[in-house]
Amino acid sequence: MMIGKNEENQRIDKFLKKYLPKASLGFLYKMLRKKNIKVNNGRVEPQYLLRAGDLIQLYLSDDTLTGFQEQKQIKEVDIDFHIVYEDKNILLVNKPAGLLVHEDIKESKNTLVNQVIKYLYLKKEYNPDLEKTFVPASINRIDRNTSGIVVFGKNYEAVQNLNEMMRHKNHIHKYYQTIIKGTVEESSELSGFLWKDEKANQVQIVNRNRAGAKEIRTKLKPLKSNRDFSLVEVEIITGRSHQIRLHLSSIGHPIVGDGKYGDIKTNREFREKFGLSSQLLHAYKIVFEKTIGGMQYLEGKEFLCPLPEIFRKIEMNLF
(Lines give C-alpha, C1' and ligand atoms only; values in the text may rest on other atoms or scores of the structure.)
Protein backbone atom coordinates (compact mmCIF):
# COMPACT_ATOMS: atom_id res chain seq x y z
CA MET A 1 0.00 0.00 0.00
CA MET A 2 1.11 3.55 -0.78
CA ILE A 3 1.52 6.21 1.91
CA GLY A 4 -0.41 9.44 1.26
CA LYS A 5 -0.68 12.88 2.86
CA ASN A 6 -2.84 11.63 5.74
CA GLU A 7 -0.26 9.00 6.79
CA GLU A 8 3.11 10.74 6.29
CA ASN A 9 5.30 12.15 9.07
CA GLN A 10 4.48 9.42 11.58
CA ARG A 11 6.58 6.50 12.78
CA ILE A 12 5.88 3.24 11.02
CA ASP A 13 5.21 1.40 14.30
CA LYS A 14 2.52 3.97 15.21
CA PHE A 15 1.03 3.74 11.72
CA LEU A 16 0.95 -0.07 11.86
CA LYS A 17 -0.70 -0.02 15.30
CA LYS A 18 -3.50 2.12 13.85
CA TYR A 19 -3.77 0.01 10.69
CA LEU A 20 -3.74 -3.26 12.63
CA PRO A 21 -5.14 -2.20 16.03
CA LYS A 22 -5.71 -5.75 17.30
CA ALA A 23 -2.06 -6.72 16.76
CA SER A 24 0.37 -6.36 19.67
CA LEU A 25 3.35 -4.05 19.34
CA GLY A 26 5.55 -7.09 20.02
CA PHE A 27 4.11 -8.84 16.98
CA LEU A 28 4.56 -5.74 14.79
CA TYR A 29 8.18 -5.28 15.90
CA LYS A 30 8.84 -8.95 15.14
CA MET A 31 7.35 -8.62 11.64
CA LEU A 32 9.50 -5.56 10.97
CA ARG A 33 12.59 -7.36 12.24
CA LYS A 34 11.90 -10.49 10.14
CA LYS A 35 11.06 -8.42 7.04
CA ASN A 36 7.47 -9.64 6.94
CA ILE A 37 6.74 -5.94 6.80
CA LYS A 38 8.93 -3.87 4.47
CA VAL A 39 9.09 -0.28 3.26
CA ASN A 40 10.19 0.32 -0.33
CA ASN A 41 11.38 -3.31 -0.54
CA GLY A 42 13.69 -2.97 2.47
CA ARG A 43 13.84 -3.44 6.22
CA VAL A 44 13.23 -0.39 8.43
CA GLU A 45 13.43 0.29 12.15
CA PRO A 46 10.22 0.89 14.17
CA GLN A 47 11.05 4.60 14.45
CA TYR A 48 11.26 5.06 10.66
CA LEU A 49 9.34 8.21 9.67
CA LEU A 50 6.96 7.58 6.79
CA ARG A 51 6.97 9.83 3.72
CA ALA A 52 4.31 10.35 1.08
CA GLY A 53 4.95 7.86 -1.71
CA ASP A 54 6.50 5.18 0.52
CA LEU A 55 5.38 1.67 -0.40
CA ILE A 56 4.55 -0.59 2.55
CA GLN A 57 4.58 -4.33 1.82
CA LEU A 58 2.81 -6.68 4.24
CA TYR A 59 3.82 -10.35 3.85
CA LEU A 60 0.98 -11.60 6.04
CA SER A 61 -1.90 -13.93 5.26
CA ASP A 62 -5.33 -12.49 4.48
CA ASP A 63 -6.71 -14.17 7.61
CA THR A 64 -4.00 -12.57 9.76
CA LEU A 65 -4.67 -9.12 8.32
CA THR A 66 -8.44 -9.46 8.71
CA GLY A 67 -8.06 -10.69 12.29
CA PHE A 68 -5.92 -7.70 13.28
CA GLN A 69 -8.06 -5.02 11.64
CA GLU A 70 -11.19 -3.29 12.91
CA GLN A 71 -14.10 -2.33 10.70
CA LYS A 72 -14.60 1.43 10.63
CA GLN A 73 -18.18 2.59 10.88
CA ILE A 74 -20.04 5.87 10.66
CA LYS A 75 -22.21 5.92 13.78
CA GLU A 76 -25.89 6.73 13.32
CA VAL A 77 -26.11 9.86 15.47
CA ASP A 78 -27.97 13.14 15.18
CA ILE A 79 -25.81 16.19 14.54
CA ASP A 80 -26.30 18.40 17.60
CA PHE A 81 -23.68 21.11 17.23
CA HIS A 82 -23.33 24.45 15.47
CA ILE A 83 -20.35 25.48 13.36
CA VAL A 84 -18.27 28.42 14.59
CA TYR A 85 -15.74 28.31 11.71
CA GLU A 86 -14.69 25.86 9.03
CA ASP A 87 -12.13 25.64 6.22
CA LYS A 88 -10.33 22.82 4.40
CA ASN A 89 -8.10 22.08 7.42
CA ILE A 90 -10.03 22.80 10.62
CA LEU A 91 -13.52 22.77 12.04
CA LEU A 92 -14.53 24.78 15.13
CA VAL A 93 -17.84 23.66 16.62
CA ASN A 94 -20.05 24.85 19.45
CA LYS A 95 -20.61 21.81 21.67
CA PRO A 96 -23.85 21.90 23.69
CA ALA A 97 -23.78 21.09 27.40
CA GLY A 98 -24.63 17.46 28.07
CA LEU A 99 -22.71 16.02 25.12
CA LEU A 100 -19.46 14.09 25.61
CA VAL A 101 -16.53 14.95 23.35
CA HIS A 102 -15.08 11.40 23.45
CA GLU A 103 -16.73 8.13 24.36
CA ASP A 104 -16.49 6.71 27.86
CA ILE A 105 -17.58 3.49 29.58
CA LYS A 106 -21.18 4.72 29.73
CA GLU A 107 -21.53 6.23 26.23
CA SER A 108 -19.78 4.98 23.09
CA LYS A 109 -22.15 6.16 20.36
CA ASN A 110 -23.52 9.68 20.78
CA THR A 111 -20.37 11.76 21.18
CA LEU A 112 -19.22 15.00 19.58
CA VAL A 113 -16.42 13.13 17.79
CA ASN A 114 -18.89 10.71 16.21
CA GLN A 115 -21.20 13.57 15.24
CA VAL A 116 -18.34 15.44 13.54
CA ILE A 117 -17.21 12.29 11.71
CA LYS A 118 -20.76 11.80 10.40
CA TYR A 119 -20.96 15.47 9.39
CA LEU A 120 -17.71 15.25 7.39
CA TYR A 121 -18.81 11.95 5.87
CA LEU A 122 -22.08 13.49 4.68
CA LYS A 123 -20.06 16.39 3.19
CA LYS A 124 -17.90 13.79 1.39
CA GLU A 125 -14.79 15.19 3.10
CA TYR A 126 -14.11 11.98 5.02
CA ASN A 127 -14.64 8.37 3.98
CA PRO A 128 -13.29 5.63 6.27
CA ASP A 129 -13.16 3.19 3.35
CA LEU A 130 -10.66 5.44 1.56
CA GLU A 131 -8.44 6.12 4.59
CA LYS A 132 -5.78 3.69 5.82
CA THR A 133 -5.59 5.02 9.39
CA PHE A 134 -6.65 8.69 9.58
CA VAL A 135 -9.76 9.77 11.49
CA PRO A 136 -10.67 13.46 12.05
CA ALA A 137 -9.72 14.31 15.63
CA SER A 138 -10.48 16.89 18.31
CA ILE A 139 -7.54 18.98 19.47
CA ASN A 140 -9.05 20.06 22.78
CA ARG A 141 -11.78 18.70 25.00
CA ILE A 142 -14.23 20.21 27.43
CA ASP A 143 -16.34 18.54 30.11
CA ARG A 144 -19.67 16.95 29.20
CA ASN A 145 -21.64 19.69 30.98
CA THR A 146 -19.47 22.56 29.69
CA SER A 147 -20.49 24.15 26.39
CA GLY A 148 -18.51 25.96 23.73
CA ILE A 149 -15.68 25.74 21.23
CA VAL A 150 -14.02 22.42 20.37
CA VAL A 151 -11.40 22.37 17.59
CA PHE A 152 -11.09 19.51 15.07
CA GLY A 153 -8.38 18.78 12.53
CA LYS A 154 -9.79 17.57 9.21
CA ASN A 155 -6.54 16.07 7.90
CA TYR A 156 -3.44 14.54 9.47
CA GLU A 157 -1.17 17.54 8.85
CA ALA A 158 -3.68 19.86 10.51
CA VAL A 159 -4.01 17.54 13.51
CA GLN A 160 -0.21 17.40 13.86
CA ASN A 161 0.22 21.19 13.62
CA LEU A 162 -2.68 22.00 15.95
CA ASN A 163 -1.50 19.50 18.56
CA GLU A 164 1.98 21.03 18.44
CA MET A 165 0.49 24.51 18.85
CA MET A 166 -1.56 23.35 21.83
CA ARG A 167 1.59 22.04 23.51
CA HIS A 168 3.11 25.55 23.42
CA LYS A 169 1.43 27.72 26.04
CA ASN A 170 1.65 30.95 23.99
CA HIS A 171 0.31 29.70 20.65
CA ILE A 172 -3.41 29.10 21.24
CA HIS A 173 -5.34 30.95 23.95
CA LYS A 174 -8.62 29.49 25.22
CA TYR A 175 -11.13 31.70 27.05
CA TYR A 176 -14.28 30.83 29.00
CA GLN A 177 -17.12 32.80 30.53
CA THR A 178 -18.74 31.65 33.74
CA ILE A 179 -20.97 32.94 36.52
CA ILE A 180 -19.60 32.32 40.00
CA LYS A 181 -20.79 32.82 43.54
CA GLY A 182 -19.41 35.91 45.29
CA THR A 183 -17.89 39.19 44.14
CA VAL A 184 -14.63 39.40 42.17
CA GLU A 185 -13.30 42.92 41.62
CA GLU A 186 -9.75 42.47 40.34
CA SER A 187 -8.02 40.34 37.72
CA SER A 188 -5.69 37.67 39.04
CA GLU A 189 -3.74 34.56 38.11
CA LEU A 190 -4.37 31.46 40.22
CA SER A 191 -1.81 28.70 40.56
CA GLY A 192 -1.62 25.41 42.41
CA PHE A 193 -1.34 21.65 41.99
CA LEU A 194 -4.11 19.30 41.00
CA TRP A 195 -4.47 15.59 41.69
CA LYS A 196 -7.14 13.46 40.01
CA ASP A 197 -8.96 10.52 41.54
CA GLU A 198 -9.57 8.47 38.39
CA LYS A 199 -12.13 6.15 40.01
CA ALA A 200 -14.29 8.99 41.30
CA ASN A 201 -13.54 11.26 38.30
CA GLN A 202 -12.88 14.07 40.76
CA VAL A 203 -9.90 16.35 41.34
CA GLN A 204 -8.39 18.05 44.38
CA ILE A 205 -5.95 20.88 45.09
CA VAL A 206 -2.95 19.21 46.74
CA ASN A 207 0.63 19.77 47.84
CA ARG A 208 3.07 19.81 44.92
CA ASN A 209 4.97 16.87 46.43
CA ARG A 210 2.03 14.47 46.12
CA ALA A 211 2.63 11.74 43.56
CA GLY A 212 0.70 12.48 40.38
CA ALA A 213 0.16 16.17 41.22
CA LYS A 214 0.14 18.46 38.16
CA GLU A 215 0.59 22.22 38.09
CA ILE A 216 -2.44 24.32 37.17
CA ARG A 217 -2.56 28.01 36.22
CA THR A 218 -5.78 29.92 35.62
CA LYS A 219 -6.29 33.61 34.77
CA LEU A 220 -9.40 35.35 36.09
CA LYS A 221 -10.90 38.64 34.85
CA PRO A 222 -14.14 40.14 36.26
CA LEU A 223 -16.71 41.35 33.71
CA LYS A 224 -19.83 42.10 35.80
CA SER A 225 -20.74 41.67 39.44
CA ASN A 226 -23.29 42.35 42.10
CA ARG A 227 -23.26 41.62 45.84
CA ASP A 228 -23.79 37.90 45.35
CA PHE A 229 -22.51 36.80 41.93
CA SER A 230 -19.91 37.67 39.30
CA LEU A 231 -19.62 37.11 35.55
CA VAL A 232 -15.95 36.40 34.84
CA GLU A 233 -13.70 35.58 31.93
CA VAL A 234 -11.30 32.70 32.53
CA GLU A 235 -8.20 31.86 30.51
CA ILE A 236 -6.57 28.50 31.13
CA ILE A 237 -2.78 28.50 30.90
CA THR A 238 -2.67 24.79 31.64
CA GLY A 239 -5.44 22.46 30.52
CA ARG A 240 -6.21 19.92 33.24
CA SER A 241 -9.37 17.96 33.85
CA HIS A 242 -11.98 20.03 35.79
CA GLN A 243 -9.31 22.74 36.27
CA ILE A 244 -11.54 25.82 36.10
CA ARG A 245 -14.30 24.33 38.23
CA LEU A 246 -11.93 23.20 40.99
CA HIS A 247 -9.71 26.28 40.96
CA LEU A 248 -12.63 28.69 41.35
CA SER A 249 -14.28 26.54 44.02
CA SER A 250 -11.00 26.35 45.95
CA ILE A 251 -10.90 30.17 46.36
CA GLY A 252 -14.51 30.36 47.53
CA HIS A 253 -16.10 31.22 44.17
CA PRO A 254 -17.77 28.02 42.93
CA ILE A 255 -19.41 28.02 39.49
CA VAL A 256 -23.19 28.32 39.53
CA GLY A 257 -24.78 24.97 38.67
CA ASP A 258 -21.66 22.88 39.26
CA GLY A 259 -22.93 19.68 40.86
CA LYS A 260 -19.47 18.35 41.73
CA TYR A 261 -17.54 21.35 43.10
CA GLY A 262 -20.34 23.90 43.54
CA ASP A 263 -22.60 25.16 46.30
CA ILE A 264 -25.62 22.89 46.88
CA LYS A 265 -27.98 25.65 48.09
CA THR A 266 -27.09 28.00 45.19
CA ASN A 267 -27.48 25.22 42.65
CA ARG A 268 -30.90 24.32 44.01
CA GLU A 269 -32.07 27.94 43.80
CA PHE A 270 -30.97 28.29 40.17
CA ARG A 271 -32.49 24.93 39.24
CA GLU A 272 -35.84 25.93 40.73
CA LYS A 273 -35.84 29.45 39.28
CA PHE A 274 -34.29 28.90 35.84
CA GLY A 275 -34.32 25.13 35.26
CA LEU A 276 -30.50 25.10 35.29
CA SER A 277 -29.19 21.53 35.25
CA SER A 278 -25.45 22.01 34.56
CA GLN A 279 -22.62 24.39 35.33
CA LEU A 280 -22.65 27.85 33.73
CA LEU A 281 -19.28 27.42 32.00
CA HIS A 282 -18.87 28.22 28.31
CA ALA A 283 -15.73 28.11 26.12
CA TYR A 284 -16.56 31.30 24.25
CA LYS A 285 -13.35 32.43 22.54
CA ILE A 286 -10.20 30.97 20.99
CA VAL A 287 -7.24 33.03 19.73
CA PHE A 288 -4.52 31.75 17.42
CA GLU A 289 -1.65 33.99 18.53
CA LYS A 290 1.17 31.96 16.97
CA THR A 291 0.95 29.23 14.34
CA ILE A 292 3.17 26.68 12.62
CA GLY A 293 3.27 24.86 9.28
CA GLY A 294 0.12 25.01 7.21
CA MET A 295 -1.77 26.85 9.96
CA GLN A 296 -0.03 30.20 9.36
CA TYR A 297 -3.10 31.70 7.69
CA LEU A 298 -4.83 31.54 11.09
CA GLU A 299 -2.19 33.63 12.89
CA GLY A 300 -3.70 36.56 14.79
CA LYS A 301 -7.27 35.39 14.25
CA GLU A 302 -9.83 34.95 17.01
CA PHE A 303 -13.17 33.15 16.95
CA LEU A 304 -16.15 33.79 19.21
CA CYS A 305 -18.91 31.39 20.20
CA PRO A 306 -22.27 32.82 21.42
CA LEU A 307 -23.43 32.07 24.94
CA PRO A 308 -26.18 29.45 25.36
CA GLU A 309 -29.70 30.83 25.79
CA ILE A 310 -29.99 29.81 29.46
CA PHE A 311 -26.62 31.48 30.21
CA ARG A 312 -27.79 34.77 28.61
CA LYS A 313 -31.13 34.56 30.41
CA ILE A 314 -29.45 34.16 33.82
CA GLU A 315 -26.86 36.86 33.05
CA MET A 316 -29.57 39.37 32.16
CA ASN A 317 -31.55 38.48 35.31
CA LEU A 318 -28.54 38.88 37.64
CA PHE A 319 -26.78 41.90 36.16
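Cut-off values and rules
Residues numbered from 1 in each chain as written. Predicted model: local features only at pLDDT ≥ 70, side-chain atom pairs only at ≥ 80, totals over all residues. Heavy atoms only, no water. Axes fitted to C-alpha atoms, helices over the stretch in contact; angles between N-to-C directions. Helix = DSSP H or I, 4+ residues; strand = E, 2+ residues; numbered from the N terminus. Parallel < 35°, antiparallel > 145°, perpendicular 65-115°, else oblique. Left-handed = near helix turned anticlockwise from the far one by under 90°. Contact = heavy atoms within 4.5 Å. Nonpolar A, V, L, I, M, F, W, Y, C, P; charged D, E, K, R; others polar. Buried < 20%, exposed > 50% of the residue type's maximum accessible area, 1.4 Å probe, protein only. Pairing = 2+ DSSP bridges. Salt bridge = Lys/Arg side-chain N within 4 Å of Asp/Glu carboxyl O. Core = buried A, V, L, I, M, F, W, Y, C linked by side-chain atoms within 4.5 Å. 1 Å grid on protein atoms, 1.4 Å probe; cavity = no way out; pocket = protein on both sides within 12 Å on 5 of 7 lines; lining within 4 Å. Points joined across faces, edges and corners; volume = space filled by probe spheres on them. Patch = residues over 30% accessible without salt bridge, like charges linked within 9 Å, V, L, I, M, F, W, Y side chains within 5 Å. Areas by Shrake-Rupley, 256 points an atom, 1.4 Å probe, with all protein chains shown as cover.

Considerations on the packing of helix α1 (residues 12-19) against helix α2 (residues 25-33)
Interaxial distance between α1 and α2 falls to 10 Å at its minimum, and their mutual angle equals 125 degrees. It follows from the interaxial angle that α1 and α2 lie oblique. Two packed elements cross with a definite hand, and for α1 against α2 that hand is right-handed. Residue-level inspection shows I12, D13, L16 and K17 of α1 in contact with α2, the latter providing L25, L28, Y29 and L32. Per-class residue counts for the contact of α1 with α2 are six nonpolar, no polar and two charged.

With respect to the pairing of strand β6 (residues 147-153)
Counted residue by residue, β6 has seven buried out of seven residues, so it is predominantly covered. Of the strand pairs in this sheet, strand β4 (residues 90-95) and β6 are connected by six bridges, and their pairing is antiparallel. When the sheet's bridge partners are listed, I90 is paired in β6 with G153.

What to know about helix α6 (residues 243-250)
For α6, the tally of buried residues reaches six of eight residues, placing the bulk of the element in the interior. Those residues of α6 not exposed but buried are Q243, I244, R245, L246, H247 and L248. On its buried side, α6 packs onto β7 (172-181), β8 (188-197), β9 (202-205), β10 (214-225), β11 (229-236) and β12 (281-288). Where α6 ends, the next residue or the one after it, G252, has phi of about 85 degrees, a positive value.

Quick notes on the pattern of salt bridges
Per the counting criterion, the structure on display carries 16 salt bridges. K132 serves as the salt-bridge partner of E7, at 3.8 Å between the closest nitrogen and oxygen. Here E7, found in the segment before α1, pairs with K132, found in the loop between α4 (112-122) and β5 (137-138); they are 125 residues apart in sequence, far enough to count as distant. The network of salt bridges with common partners includes E86, K123, E125 and K154.

Overview of the nonpolar core
Counting 28 residues, the largest nonpolar core has V93, L112, V116, F152, Y176, I244 and L248 as its most contacted members. For this core, the elements supplying multiple residues, two or more each, are β4, α4, β6, β7, β11, α6 and β12. With six residues, the top contributor of residues to this core is α4. With residues near it in sequence (within four places) discarded, L248 still touches T178, I180, L190, L220, V234, H253, P254 and I255.

A closer look at empty space enclosed by the protein
The tally for this structure, following the rule as stated, stands at one cavity of 30 Å³ or more. In this model, the largest cavity occupies a volume close to 50 Å³. Residue lining of the largest cavity: N140, I149, K174, Y175, Y176, A283, K285 and I286, and that is the complete set. Counting only elements with at least two residues in the lining of the largest cavity, the list comes to β7 and β12. Here the residues of the lining of the largest cavity are counted per class, giving five nonpolar, one polar and two charged.

Things to note about a nonpolar patch on the surface
Nonpolar side chains collect at one region of the surface, where I79, Y121 and L122 lie side by side and expose about 280 Å² of accessible area between them. For Y121, the location among the structural elements is in helix α4.

Some details on the layout of surface pockets
Each pocket or cavity is described by its volume, and for the second largest pocket that value is around 810 Å³. Secondary structure elements with two or more residues in the lining of the second largest pocket: α1, α4 and β5. Element by element, the count of residues in the lining of the second largest pocket is highest for α4, at three residues. In the lining of the second largest pocket, the residues fall into 10 nonpolar, eight polar and eight charged.

Examining the pairing of β9
Two elements, β8 and β9, share four bridges in a ladder whose sense is antiparallel. Bridge pairing links W195 to Q204 in β9. Taking the residues that link successive antiparallel strands as the turn, the β8-β9 hairpin has four residues, and the phi of N201 there is positive, at about 50 degrees.

Digging into unusual backbone geometry
Backbone geometry at N41 places phi at a positive 70 degrees, although glycine is not the residue there. Among the structural elements, N41 can be located in the loop between β1 (37-39) and β2 (56-58). For K124, which is not glycine, the phi dihedral falls at a positive 65 degrees. Here K124 shows up in the loop between α4 and β5.

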